[in-house]
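Listed here are the chains, written in short residue letters.
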Amino acid sequence: MANRYLQDNFAPVRDELTATDLVVTGEIPSHLDGRYLRIGPNPLADPGQDYHWFLGDGMVHGVRIGDGRAQWYRNRWVRSGAVADALGEPRRGTPGPNDFAANTNVIEHAGRTLALVEAGSPPYELTHDLDTVGPCDFDGTLRGGYTAHPHEDPDTGELHAISYSWTRGNRLDYSVLDTDGRVRRTVDVEVTGSPMVHDFALTEHYVVVYDLPVTFDVARVTRTMPRAARLPARIALSRVIGRNPLPEPVIAGIARRGSSSASGPAVFPYSWNPDYPARIGLLPREGDGREVRWFEIEPCYVFHTLNAFEDGDDVVIDVVRHERMFATDLNGPNEGDPTLARFTLDTSSGKVREDRFDERGQEFPRYDERRTGRRHRYGYTVGFADATLGDTVLKHDVAAGHTTERRLGAGREASEFCFVPSAADSAEDDGVLMGYVHDRASGLSDLVMLDAGTLEDVARVHLPGRVPVGFHGNWAPTD
């Protein structure tokens, strides 16, 4: 059967484009000055029908906005060592043993444009025009890989992260990146085994950590090895998962022999583990790993947090909740429609309450990030059904318990929308939402801007090509 993640708008694009003075329908707000950047998997070579969507080489798509105009559009592959080799180009920087063409998020911090991925691979730094500079270790202060989902404290400007890698056994890294772009603090957090930890959350006093039952699968990693090598490799990898890590170069070598190809890993090494506990931890922001307090929850998986905040003795966490993940479909997130849910952790009693806020299928939650770690009222998601994004944008008023739905039109496929405020002191929903929208009829995509208050059209920037279904995007203001 054909792999759905290589078809329709999941299919990779083959050309890197540069276009200037783009056509706009509507009117771009004059105060917008910066770049909208978004990244996603885009395999350079044919990955085969066993391809997992999360493993494609990263390609970043960007639109430069200023003076009420869309000044340029560019799309560029992230030049990891393997991608540069395949393109016949010199390698950028010095790729390490866990090198990967970052494909999951793209942000601006401390003057750097960074393409991010998780699971032990380093970020890649890009130029303003989206060309690759090389791997970034934050001036030598990064220990191992980073995360796809850092969160900035709006008061300090520091970037907080939870990083994981199966090479670290049952330890996560909590790190704080200062405003100069250097890691000033790293804390080990012990978890049950070796889980996939895609996101986390911040509150005023806590780091919210997920320890959920999608875990490293030794059998999957070693299945393509020669039969005689499988058992020794499984024993060695099980030692990593079981709290007695081998030297990292040894681990990386085993993984490469068992699960890699010229364009990146061939086997996605995580799957649903029904025997693994599901829990949420609260780590004091200035504490150490021994101070985490764990709260048991019903089995589920969380890719993305909307936001979290403290309410007296309660810690409130709004998330998109999946019943399970990578249990029957090992090529992408296709285990039923995820819903918007709220976990309330009572720090006095140790109890957890779970409420389902909206039962419609949805993903990619975003909010006004000036509210990170503080009580929020609004959140935005995109409709998600049968593992595919549709034409629906949802605005949730979590205070009033009300949701507004906007349909973008038949044949249109939305991606994640990020919120950009009208001004530094504007109201929580006073601004625009930005995201790429694909039109199946034309085969092209637009950068769409919606009024965050009403979800009505503000402007559409018409692009010269297609932006495939991807992951995360952000507004990078010029200042």
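Structure: see above.
Conventions adopted
Residues numbered from 1 in each chain as written. Predicted model: local features only at pLDDT ≥ 70, side-chain atom pairs only at ≥ 80, totals over all residues. Heavy atoms only, no water. Helix = DSSP H or I, 4+ residues; strand = E, 2+ residues; numbered from the N terminus. Contact = heavy atoms within 4.5 Å. Buried < 20%, exposed > 50% of the residue type's maximum accessible area, 1.4 Å probe, protein only. Pairing = 2+ DSSP bridges. Axes fitted to C-alpha atoms, helices over the stretch in contact; angles between N-to-C directions. Salt bridge = Lys/Arg side-chain N within 4 Å of Asp/Glu carboxyl O.

Engineer: So, the side chain of Asn474: which residues are in play, and what are the values?
Structural biologist: Relative to the elements of secondary structure, Asn474 occurs in strand β35 (residues 473-477). Ignoring anything within four residues of it in the chain, the contact list for Asn474 reads Arg35, Tyr36, Leu37, Asn105, Val106, Ile107, Arg366 and Cys418.

Engineer: Before we move on, could you go through unusual backbone geometry and cite the residues and values that matter?
Structural biologist: When glycine is set aside, most residues are seen to have a negative phi, and most peptide bonds are trans. A positive phi angle, close to 50°, is found at Asp21, a residue other than glycine. Among the structural elements, Asp21 can be located in the loop between β1 (18-20) and β2 (24-26). Its identity is not glycine, yet Ala119 carries a phi of approximately 70°, on the positive side. Tracing the backbone through its elements, the reader meets Ala119 in the loop between β7 (112-116) and β8 (124-126).

Engineer: I'd like a description of the environment of Ala82, backed by residues and values.
Structural biologist: As for its position among the elements, Ala82 is in helix α1 (residues 81-86). When its relative accessible area of 29% is taken as the criterion, Ala82 is described as partly exposed. Taking C-alpha positions, Ala82 is 28 Å from Leu177, a pair spaced 95 residues apart along the chain.

Engineer: Residue-level account of the pairing of strand β29 (residues 402-407), with values.
Structural biologist: Pairing analysis gives 6 bridges linking strand β28 (residues 388-397) to β29, with the strands arranged antiparallel. Bridged to Thr392 within β29 is Arg407. Hairpin connection of β28 to β29: 4 residues between the antiparallel strands, including Gly401 at a positive phi of 70°.

Engineer: Can you tell me about the sheet that holds strand β4 (residues 58-66), naming the residues and giving the values?
Structural biologist: Taking strand neighbours across the sheet as the criterion, the 5 strands line up as β1-β5-β4-β3-β35 in an open arrangement whose pairing is antiparallel. Since the sheet does not close on itself, it has two edges, and those belong to β1 and β35, each with one partner. Taking the axes of each pair of neighbouring strands and ignoring which way they run, one obtains an average angle of 15° across the sheet. With 5 bridges joining them, strand β3 (residues 34-41) and β35 adopt antiparallel strand pairing. Residue pairing in the sheet places Gly34 in a bridge with Pro477 of β35.

Engineer: Talk me through the pattern of salt bridges; I want residue IDs and the actual numbers.
Structural biologist: Across all of its chains, the model carries 44 salt bridges by this definition. Ionic pairing is found between Glu158 and Arg184, a salt bridge with its closest N-O pair at 2.7 Å. Note that Glu158 is positioned in the loop between β10 (151-152) and β11 (159-163) and Arg184 in strand β13 (residues 183-190), a separation of 26 residues in sequence. What makes Arg184 partly exposed here is its relative accessible area of 41%.

Engineer: Account for the sheet that holds strand β9 (residues 132-135), with residues named and values stated.
Structural biologist: In a beta sheet, neighbouring strands pair by backbone hydrogen bonds and run either parallel or antiparallel. Ordered by their spatial adjacency, 4 strands build an open sheet running β6-β7-β8-β9, and the pairing between neighbours is antiparallel. A single partner strand is all that each edge strand has here, and the edge strands are β6 (105-109) and β9. Across this sheet, the average inter-strand angle for adjacent strands is 30°, counted without regard to direction. The sheet contact formed by β6 and β7 spans 5 bridges and is antiparallel. For His109, the partnering residue across the bridge sits in β7 and is Arg112.

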